[in-house]
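A structural walkthrough
Spelled out from the first residue to the last, the chains are:
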Amino acid sequence: MKEKKAVSSLSAVLAGLLLGFVLLAAMFRLDAAPRPSGAAAQAQTSRVAVNADDIGGVVTSSKGPEAGVWVIAETTDFQTKLRKIVVTDDQGRFLLPELPKANYKVWVRGYGLVDSPLVNSAPGKTLALSAIVAPNPVAAAQYYPPNYWLSLLKIPPKDAFPMKAPAGGGPAIPTQGHWIDSVKTGCEACHQLGDRMTREMPKNLGTFPSAADAWKRRIQSSQVGASMVNSMSRLGYDRGIAMFADWTQRITEGEVPSAPPRPAGLERNVVLTVWDIAGPKSFLHSQVSTSRWDPHVNANGPSYNGDWSGGTLVLVDPQENSASTIKIPLPKEADVKSMPTWSPQQLTAPSPYWGNEIVWDDPVNPKNAQMDRKGRLWVSVENRPPQAPDFCKPSSNIWAKTWQSDQQISKSEASGGDSRFQDMQQNAGERMPWESPPGWGLQVYDPKTLKFESIYLCFGQSHAAFADDKDQTLFFSLRLGGLGWFKTRVWDETHDAAKAQGFCAPVIDYNGDGKAGPFTLLNAPPDPKLDRLAVRTGYGMGVDPTDNNVIWYTAPGPMPGAIVRATPGSNPPATCSTEVYEPPFNNPKLPGELHYTPRGVDVDTNGLVWTELSGSGELASFDRRKCKGPLNGPTATGQHCPEGWTIYRVPGPLFKGTDAASDWYYLNWVDRYNTLGLGPNVQVVLGTASDTLYLFKPETTEWFTVRMPYPMGGLYTRDIDGRIDDAKSGWKGRGLWASTETRVIWHEEKGKGSTPQMVHVQLRPDPLAK
């Protein structure tokens, strides 16, 4: 196909100037459309009663009252910037509740509009706000979520697969699902696709002979250029470049996505309170505000996150409207200067935002913090030298000795499969958990004493979750697959890290003898006399509240991914067991169905397992009790229980010509204790690529969409939890907590200089409730 003429930096500048003029013209009402009289709007405003800590009123445009649009109030009067965001009702009325005394800038944002002028106000006042109707589809679309823009990406049709490996190098791609998963996971594990920073070429990147050449240069940028090039190569480098070049070219020429629906019904009852936190280079990865087992822990206290880039805890005090940081100390023997960093410390090519600056120096990498019933934070970090301590080695560690002695090593090389996981496949077993660099451990922070404790772990952990057992065990999914744990009660009593921890290999009972035993590796053929290693990685996880000895975690790849049931049993490691369940993917019992890429997993109070399928764009429940076939033996390798799965489509646009959603979900979470107020066991799917929380009520199969409209890019979420501060105060005393957890905060709407936000999501009875 003949390549279209590229967009030069000059044409991009002209396009930006044209759009700016269009928006400016709209703001100053260069259109002559009639508007409701000021007297009529003021009369409507007077019917919105406000208290001394509210701002209320009505929003109208040339079309009349504007229902389902956001009203945003922002102040810089506190130690950190504070925003409150609400939605108008069906008559265009709004009420911003619970505002601390300050001076606020108030404006309107909504689909079909452009931002209204800022209005000065203060609590106790009413406002008649003038919304500005977008003059054309291009101006309106600037406020659409990233996944709507990404839906314009042209995915190869199903009949183009299997796709042969390109002559110039790259993998063969078996199905359209493999392609879509590579597009999403390869990019969106770090940042959104479809935001303005990705759908347009940065102006200072330069001028190129073609859009394809511009993309080739773009993905080499910064410290992670090699990673971005590798992600593109999963599609076949030139094939991927051509797809993205076509996408941005069509957008430059004026193509826009369909409009999202405005918030409706219960979605208009949402109240967002937002605080700026951390710094302009921060990468947050650790949202926590309370205990998973008691949402009253730390009531009214700070909400925390971990700054992967900064090696700190960051926190918001919602009572003081302040934000602060706490440096995470390391043990003396863990010299931070000699610790390996997660990010390469050299550039592939200069960044269009930071030039030749090394932005990420990240040897500590705090992530996935968990709070115990005492209010202490248990933070996964890199806190020890890469060389494992002696107590982790097989010579003195029963867990390591069992793993090493049971594996039957094959010298054959890994072949086929998903290229993202071939390195893990080759290393699975041959590289042991205790040998997996860098040196992982825990830092325990007690807010009461303001002190940290350091703990060395014998495994590289991925995600963590507390059980509510007698040992208050903190379980981990392992980066190379498997289950690890740390008994916090044992630690508190003995301060013996070796005694408090253990781990098991992810081995299924392939020979069907009902017990754990020697196993073959994934790069070796199965042996009917032996058990078999089940997975190559571990990710999101949850503990079954009906049985704290049952832990579920995900293995997102290779395709289609799987959820893993792991149990230590009564006498581990001898009693460790693993079962693996893949979502239906070309299953003979469900031909043609492709469901794939579970990343998060959680369990409701009925023992029902829930996982989001980020690749295919779905939420799924899994009920092991419905399985009809054997749960061990040579047939129980993943696709053996399609009857246990129930699939629900998540709202949002699909890629054109596909049945896959263009959004991408980092994790999911079960609101077991009604912390939001929508009921127990409500499912929360993190719409990471769309600034969205998708809420699902299983008993009615209803979906509700909660979106943070400003700043765009501000609700890229990796973790979430819910807390009850005061059950007696109704909606005001409960809510969800989330943060901006993108790796590139400068991709946010405001660009370089932006900082992350922490968000408190609350649900009131109606849009005017106080």
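Not measured: the values here are computed from a predicted model.

1. Things to note about the nonpolar core
Residues Leu153, Trp179, Phe244, Leu272, Leu693 and Val761 are the most contacted members of the largest nonpolar core, which totals 73 residues. Ranked by residues supplied to this core, first place goes to helix H9 (residues 237-252) with six residues. When neighbours within four sequence positions are excluded, Trp179 is seen to be in contact with Ile155, Pro156, Phe161, Met163, Ile173, Leu235, Arg239 and Met243. Ala465, Phe466, Leu521 and Ala566 belong to the second-largest nonpolar core, a separate cluster that totals 52 residues.

2. Quick look at the pattern of salt bridges
Counted according to the given criterion, the structure contains 31 salt bridges. Put simply, Asp659 and Lys158 hold a salt bridge, and the shortest N to O gap is 3.4 Å. Taken together, the positions of Asp659 in the loop between strand E36 (645-649) and strand E37 (668-671) and Lys158 in the loop between helix H4 (146-150) and helix H5 (176-188) put the pair 501 residues apart, joining distant regions of the chain. In this structure, Arg489 engages Glu493 in a salt bridge whose closest nitrogen and oxygen atoms are separated by 2.9 Å. Of this pair, Arg489 and Glu493 both sit in helix H12 (residues 488-494), four residues apart, which is roughly one turn of the helix. Through salt bridges with shared partners, a single ionic network connects Lys470, Asp471, Lys487, Arg489 and Glu493.

3. Thoughts on the environment of Asp725
By secondary structure assignment, the location of Asp725 is in the loop between strand E41 (721-724) and strand E42 (734-739). Take Asp725: its relative accessible area is 15%, and that puts it in the buried class. The contacts of Asp725, once residues within four sequence positions are left out, are Asn298, Ala299, Asn300 and Gly733. At 2.8 Å, the side chain of Asp725 forms a polar contact with the side chain of Arg723.

4. Some remarks on the packing of helix H8 (residues 225-233) against H9
In the contact formed by H8 and H9, the axes pass within 7 Å of each other and the chain directions differ by 95 degrees. Overall, the two elements H8 and H9 adopt an arrangement that is roughly perpendicular. Mapping the contact onto sequence places Val229, Met232 and Ser233 in H8 and Tyr237, Gly240, Ile241 and Phe244 in H9. Classifying every residue of the contact of H8 with H9 gives five nonpolar, two polar and no charged.

5. A closer look at unusual backbone geometry
The omega angle of the peptide bond from Met559 to Pro560 is 5 degrees, so this bond is cis rather than trans. Mapped onto the elements, Pro560 comes out in the loop between strand E28 (551-555) and strand E29 (562-567). For the peptide bond that leads from Pro572 to Pro573, omega is 5 degrees, which places it in the cis range. A positive phi is found at Asn368, a non-glycine position, where the angle reads about 45 degrees. Inspection of the secondary structure puts Asn368 in strand E15 (residues 367-371). Positioned with a positive phi, Asn586 is a non-glycine residue whose angle comes to about 50 degrees.

6. Quick look at the state of the cysteines
Tallying each qualifying case throughout the model produces three disulfides. At a sulfur-sulfur separation of 2.1 Å, the disulfide partner of Cys627 is Cys641. Taking the torsion about the sulfur-sulfur bond, which here is approximately -100 degrees, the covalent link between Cys627 and Cys641 counts as left-handed. One end of the pair, Cys627, is in the loop between strand E35 (618-622) and E36; the other, Cys641, is in the loop between E35 and E36, and 14 residues separate them in sequence.

7. What to know about the side chain of Glu66
Relative to the helices and strands, Glu66 is located in the loop between strand E2 (64-65) and strand E3 (70-75). By relative accessible area, Glu66 is classed as buried at 5%. Contact partners of Glu66, with chain neighbours within four places excluded, come to Val59, Thr60, Ser61, Thr88, Asp89, Gly92, Leu113, Ala131, Val133 and Arg262.

8. With respect to the confidence of the model for the protein chain
Confidence in the prediction for the protein chain averages 91 pLDDT; 91% of positions are at 70 or higher. The low-confidence segment residues 1-19, where pLDDT is below 50, has 24 contacts with residues more than four positions distant or belonging to other chains. Considering only residues more than four positions removed or in separate chains, one finds that residues 410-429, a stretch of pLDDT under 50, has 37 contacts.

9. Let's talk about the packing of aromatic side chains
Scanning the model with the defined rule gives 33 aromatic pairs in all. Judged by centre distance (4.8 Å) and plane angle (35 degrees), the rings of Tyr445 and Phe452 are tilted. Given the relative accessible area of 4%, Tyr445 is considered buried. On the numbers, 6.0 Å between centres and 25 degrees between planes, the contact of Trp610 with Tyr648 is stacked. Here Trp610 is found in strand E34 (residues 609-613), whereas its partner Tyr648 is found in strand E36, with 38 residues between them in sequence. Members of the aromatic cluster, joined through ring pairs, are Trp403, Trp434, Phe459, Phe476 and Phe503.

Scoring rules and cut-offs
Residues numbered from 1 in each chain as written. Predicted model: local features only at pLDDT ≥ 70, side-chain atom pairs only at ≥ 80, totals over all residues. Heavy atoms only, no water. Core = buried A, V, L, I, M, F, W, Y, C linked by side-chain atoms within 4.5 Å. Buried < 20%, exposed > 50% of the residue type's maximum accessible area, 1.4 Å probe, protein only. Helix = DSSP H or I, 4+ residues; strand = E, 2+ residues; numbered from the N terminus. Contact = heavy atoms within 4.5 Å. Salt bridge = Lys/Arg side-chain N within 4 Å of Asp/Glu carboxyl O. Polar contact = N/O pair within 3.5 Å; in protein donor to acceptor, adjacent residues only side chain to side chain. Axes fitted to C-alpha atoms, helices over the stretch in contact; angles between N-to-C directions. Parallel < 35°, antiparallel > 145°, perpendicular 65-115°, else oblique. Nonpolar A, V, L, I, M, F, W, Y, C, P; charged D, E, K, R; others polar. Disulfide = S-S within 2.5 Å. pLDDT = per-residue confidence, 0-100. Phe/Tyr/Trp six-rings, centres within 6.5 Å; stacked < 30°, edge-to-face > 60°.

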